[in-house]
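# Inside the fold
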Amino acid sequence: MTPVWTDIRQQLRVFLEQEIYPREPLMQSADHDRAEAVLAELAQKAKAQGLWAFGHPRELGGMGMPFMEYVYLNEVIGRSEFAQRIFGTYTLQDSMMLDLYASTAQREKYLMPLAAGEINPSFAMTEPGVSSSDPTQIETTAVLDGDHWVINGRKWFTTGANIAAYTTVMCRTEPDAPAHSAFSMILVPMGTPGYRLLRETPVLGINGGHFEAEYDNVRVPADHLLGGRGEGFLIAQKRLGPGRIFHCMRWLGQAQRAFDLMCERLQQRRAFGSPLADKQLLQQHVFDSFQEIQACRQLTLHAAHCIDSGDDARVEIAAIKVAGARMLHNVIDRAIQVHGAEGLTDDTPLSRMYRHAREARIYDGPDEVHIQSLAKRVLKRYARGEGWDFGERDAELMS
């Protein structure tokens, strides 16, 4: 019998505190082989405890956990940047994508090993020199030459390419089609001639596994097309929608870890004759962080319920993407302030968390795009005389 998700949440929290947190400095090491060895060791421990592949379907070897239950687990997994790989959830976005669109051969070669944690994926969409907030400008091309696709172009922020078995590449295959029907997804195995990783791109000083890559007349068999020709945008949205929910829940986990560190520090330190916890200005940090976390948490769970009910939840996802990124930055920033000079060092996790938090306002679409998207959708309803009923979603979900 599968344990209830509340029990699993507690098991995850214990595993994080006892096994992962103490080894984070090792996994952040510049010694890649050593870091990977520690990750592999912890993943085996997690498997042995049944803490593995929660959201993957049972037929793929996963736990088959319902979407909303997995959403709650992601909140705990988010407390450490390494936990996704350790608990077998790092591949979920890509396995969900393959489960929807992969051919029988692609399922056997890529999907089953992904779910088992035997291989890792990577995803290539954004490009240097191209404004990724408007992906219709993507310049990488793929031309069908006999029974092979020939790919040319350059991508960057291909996360995890150095440990991946393949990359899903979004390229322009239909040059005469309307913008949103001009792109397709093609699976490119690592090691294919002409596919070269040019450099790892540090982000705010962190080598986080983001790579710039070149595709120079890369030839892959025609059957490596994922889904149909011109379905690239559709596939990307199917991948990114649930993924943004997962991101936001992990941000909540990071924020809650920072909140814990802040409150513990307030209890431990004294200044001017009394504990920091007694200082009203610092109590304001506790209040502001608590209310932002809780408000964002409810907003995110509401969006997840909309997704779970079959809605694309475009408005709700846009809202949580912006609100979640802001909340994450604010909470970590206050925790650093409470820690003083120590918070600026790597003696606590906060410095690294703060730098990662800044990424959140850009990846999966910059704030400005989500703000504009939400406003346009809401205002269209008012233009039609419909207005926006904030309780309408609740009624739909409860019916």
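Residues numbered from 1 in each chain as written. Predicted model: local features only at pLDDT ≥ 70, side-chain atom pairs only at ≥ 80, totals over all residues. Heavy atoms only, no water.

Next up on the list: the overall build of the protein. In terms of helices and strands, the protein carries 13 helices and 10 strands. The C-alpha atoms of the protein give a radius of gyration of 22 Å, which matches the 21 Å a tight globule of 399 residues would have. Dimensions of the protein along its principal axes, counting C-alpha atoms only, are 80 × 60 × 50 Å. Put simply, the protein has 399 residues, and 50% of those count as buried. (Helix = DSSP H or I, 4+ residues; strand = E, 2+ residues; numbered from the N terminus. Rg over C-alpha atoms; globule rule 2.2 N^0.38 Å. Buried < 20%, exposed > 50% of the residue type's maximum accessible area, 1.4 Å probe, protein only.)

Leu12, Ile20, Phe54, Ile86, Phe87 and Ile245 are the most contacted members of the largest nonpolar core, which has 64 residues in total. Those elements giving two or more residues to this core turn out to be helix 1 (5–20), helix 3 (32–48), helix 4 (67–77), helix 5 (83–86), helix 8 (232–268), helix 9 (280–308), helix 10 (314–339) and helix 11 (350–359). A per-element tally of this core places helix 8 first, with 11 residues. Setting aside its immediate chain neighbours within four residues, leucine 12 contacts Leu51, Phe54, Leu73, Val76, Ile77 and Phe87. In terms of nonpolar packing, the next biggest core, distinct from the first, is built from 23 residues, Ala102, Tyr110, Ala182 and Phe233 among them. (Core = buried A, V, L, I, M, F, W, Y, C linked by side-chain atoms within 4.5 Å. Contact = heavy atoms within 4.5 Å.)

Here the focus is unusual backbone geometry. Positive phi, normally seen in glycine, also occurs at asparagine 217, with a value near 50°. As for its placement among the helices and strands, asparagine 217 is situated in strand 7 (residues 210–221). The exposure class assigned to asparagine 217 is partly exposed, which follows from its relative accessible area of 46%. Its identity as a non-glycine residue notwithstanding, phenylalanine 272 has a phi of 55°, on the positive side.

Here the focus is helix 12 (residues 367–383). An α-helical turn contains 3.6 residues, so a residue and the one three or four places further along point in the same direction. In this model, helix 12 (17 residues) spans 24 Å end to end at C-alpha, consistent with the 24 Å of a helix rising 1.5 Å per residue. Among the residues making up helix 12, those that are buried are Asp367, His370, Val378 and Arg381. For helix 12, the buried positions fall inside an angular range of 75° around the axis, keeping them on one side. Within helix 12, the exposed residues directed more than 90 degrees away from the buried face are Glu368, Leu379, Lys380 and Ala383. In the stretch just after helix 12, glycine 385 is the one whose phi turns positive, near 80°. (Expected span 1.5 Å × (residues − 1). Arc of directions from axis to C-beta.)

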